[in-house]
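Descriptive analysis of the structure
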Amino acid sequence: MLIFAILYHCFNKIQYKTKIFADKYYSDTQFSKVNDITVESKILYGDYSVIAAHYPKFHIDSIDIIIKGLISGYIINFETHFKDIVLLDNNYKTELNIDYELSIGIKNIAYIKFTILENTSYYPQPHITIEELAFDLNTNKQLDINSDIFNTFTLETYSPLEIIESEYMPEPPLEEIEEIVTSRIIDPTKPMVALTFDDGPYTRTTMPILDTLKKHNSVATFFVLGNRVQNNKDLLRRMIEEGSEIGNHSYNHKQLTTLSPKELKFQIDKTQKSILDIVGSEPAMLRPTYGSYDNKLKETINMPLILWSIDPMDWKYRDANKIRDHVLSRVRDGDIILMHDIFTTTADAVEEIVPELINRGFQLVTVSELYEINGRSLQVGNIYRDLKQR
Ligand code: ZN
């Protein structure tokens, strides 16, 4: 039976080469052997257009330059032709979304399949393009996806033993996250606000934000992207260990209101599962991408939808002082503040915002705490902008 399985497997591989290569040779254990690969995400907001591009960074110049070139090409093309074209249907914006699947083969061959989605007035339906790249990680050279190397993935090049070993590597046991007894005491009679951060986690920027929160014995809510969590497990664990909350912000930042029920389910469920696998619990709330929602989304989503009451537009200004001043000049009891933990200017602003809020008597709480402590429960399918519903 086992031999049959191996043979079957190899036949399939010969027939479908790249597809099978992608499907069969990906596993987290293998992936983690290539330690330095990180996920880069570019999320660019325009008034009428949105871009979310995700790609792997190998930290190997000869490879990264090719990947970046491909991504930049799509972004430049989109910005040149479609950016800020107002669509007739105001419900959604012109959109470019790039995501990828990465597989590392046994021979240290990296295969990347990019899926590029363009939602523009040029196309009646979202337009999908597939781009494939392959690199030999022994030489750091690009491989021609259409020839030589992919045709040599046959019985001779992989011994069945290798295949079995690599495919059936047991998952490491889920590390127990110690329950931290929080030393925070929240006084329900005193004012409180919830800082929220979208689009991460990102080491360079999420880490200093967590440092600032920890320093001031405070917490926040992080609405993370599902496709960023696998590479940032430690950040996710740290969020939970230090009392912060994790929310769902979709898998790869597509506009949720434009998706079919099946795609929507994928965006939500895959993110829930990815987070569950790392921290042992699922998010209890969703922040819809671009803040856009409709009745269909509200009815389908099995979670409360969290928006915000203060938006310093950190993505637009990238100016720590401006972000700080915007928040501090408006903040009131019960506010939910929107920021993005992908900008260093935001991390810098947070360093000043947190102590000043505390100085003014605000308690920094998670979104769940904000409602629970005030005796309110978050209902599935409802929209929440701030505690006082001003
Ligand atoms: Zn976002």
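Residues numbered from 1 in each chain as written. Predicted model: local features only at pLDDT ≥ 70, side-chain atom pairs only at ≥ 80, totals over all residues. Heavy atoms only, no water.

Moving on, we get to the overall build of the chain. For the chain, the count of helices and strands is 15 helices and 13 strands. For the chain, the proportion of contacts with a sequence separation of at least 24, taken over those separated by at least 6, is 70%. Per element, the accessible surface of the chain, about 18900 Å² overall, is 52% carbon and sulfur. (Helix = DSSP H or I, 4+ residues; strand = E, 2+ residues; numbered from the N terminus. Contact = heavy atoms within 4.5 Å. Areas by Shrake-Rupley, 256 points an atom, 1.4 Å probe, with all protein chains shown as cover.)

Read across the open sheet, the six strands follow the order E1-E2-E3-E4-E5-E6; overall the sheet is mixed. This sheet does not close on itself; its edge strands, each paired only once, are strand E1 (38-45) and strand E6 (141-143). Across the sheet, the mean angle separating the axes of adjacent strands is 20 degrees when strand polarity is ignored. Here strand E4 (residues 109-119) runs beside strand E5 (residues 127-136); their pairing, made up of ten bridges, is antiparallel. Residue pairing for E5: Glu118 is matched across the bridge by His127. Strands E1, strand E2 (49-57), strand E3 (94-104), E4, E5 and E6 of the sheet are contacted by helix H4 (residues 61-81), whose axis makes an angle of about 170 degrees with E2. (Pairing = 2+ DSSP bridges. Axes fitted to C-alpha atoms, helices over the stretch in contact; angles between N-to-C directions.)

In summary, soluble globular proteins display a tendency toward joint burial of nonpolar side chains. Membership of the largest hydrophobic core comes to 33 residues, with the highest contact counts inside it found for Leu195, Leu213, Phe222 and Leu357. Every element with two or more residues in this core is listed here: strand E7 (192-198), helix H7 (203-215), strand E8 (221-224), helix H9 (233-241), helix H10 (261-279), helix H13 (320-330), strand E11 (336-340) and helix H14 (344-359). The element contributing the most residues to this core is H14, with six residues. For Leu195, the contacting residues outside a window of four places in its chain are Leu213, Ala220, Thr221, Ile337, Met339, Val354, Leu357, Leu364 and Val365. (Core = buried A, V, L, I, M, F, W, Y, C linked by side-chain atoms within 4.5 Å. Buried < 20%, exposed > 50% of the residue type's maximum accessible area, 1.4 Å probe, protein only.)

Next up on the list: the packing of aromatic side chains. Each aromatic ring pair is described using two quantities: the centre-to-centre distance and the angle formed by the ring planes. In total, this model carries seven aromatic pairs according to the counting rule given. For the pair Tyr45 and Tyr290, a centre-to-centre distance of 5.6 Å together with 75 degrees between the ring planes defines the contact as edge-to-face. Note that Tyr45 is positioned in strand E1 and Tyr290 in the loop between H10 and helix H11 (295-300), a separation of 245 residues in sequence. Residue Tyr45 shares its accessibility class with Tyr290, and that shared class is buried. In textbook terms, an aromatic cluster arises when at least three aromatic residues are bridged by ring pairs, as seen for Tyr45, Tyr290 and Trp315. (Phe/Tyr/Trp six-rings, centres within 6.5 Å; stacked < 30°, edge-to-face > 60°.)

The interhelical angle for the contact between H13 and H14, taken along N-to-C directions, is 35 degrees, at an axis separation of 8 Å. In terms of crossing hand, the pair formed by H13 and H14 is right-handed. Along the contact surface, H13 presents Ala320, Asn321, Ile323, Arg324, Val327 and Leu328, while H14 presents Thr345, Thr346, Asp348, Ala349, Glu352, Ile353, Glu356 and Leu357. In terms of residue class, the contact of H13 with H14 is built from seven nonpolar, three polar and four charged. (Left-handed = near helix turned anticlockwise from the far one by under 90°. Nonpolar A, V, L, I, M, F, W, Y, C, P; charged D, E, K, R; others polar.)

Attention now goes to the pairing of strand E9 (residues 245-248). The two faces of E9 match: Glu245 and Gly247 on one face and Ile246 and Asn248 on the other face are all buried. Examined bridge by bridge, E8 and E9 share four bridges and lie parallel to one another. The partner of Val224 across the bridge, within E9, is Asn248.

Our next topic: the pairing of E7. By the criterion of burial, E7 is predominantly enclosed, with seven of the seven residues buried. In E7, alternate side chains face the same way, and those of Met192, Ala194, Thr196 and Asp198 on one face and Val193, Leu195 and Phe197 on the other are all buried. As paired strands, E7 and strand E12 (residues 363-364) are joined by two bridges and run parallel to one another. Of the residues in E12, the one forming a bridge with Val193 is Leu364. Note: E7 against E11, five bridges, orientation parallel. Within E11, the position partnered with Phe197 by the bridge is Met339. Across three bridges, E7 lies against E8 in parallel orientation. Opposite Asp198, over in E8, you have Phe223 as the bridge partner. Read as a crossover between parallel neighbours, the route from E7 over H7 to E8 is right-handed. (Right-handed = clockwise from strand over helix to strand, strands pointing away.)

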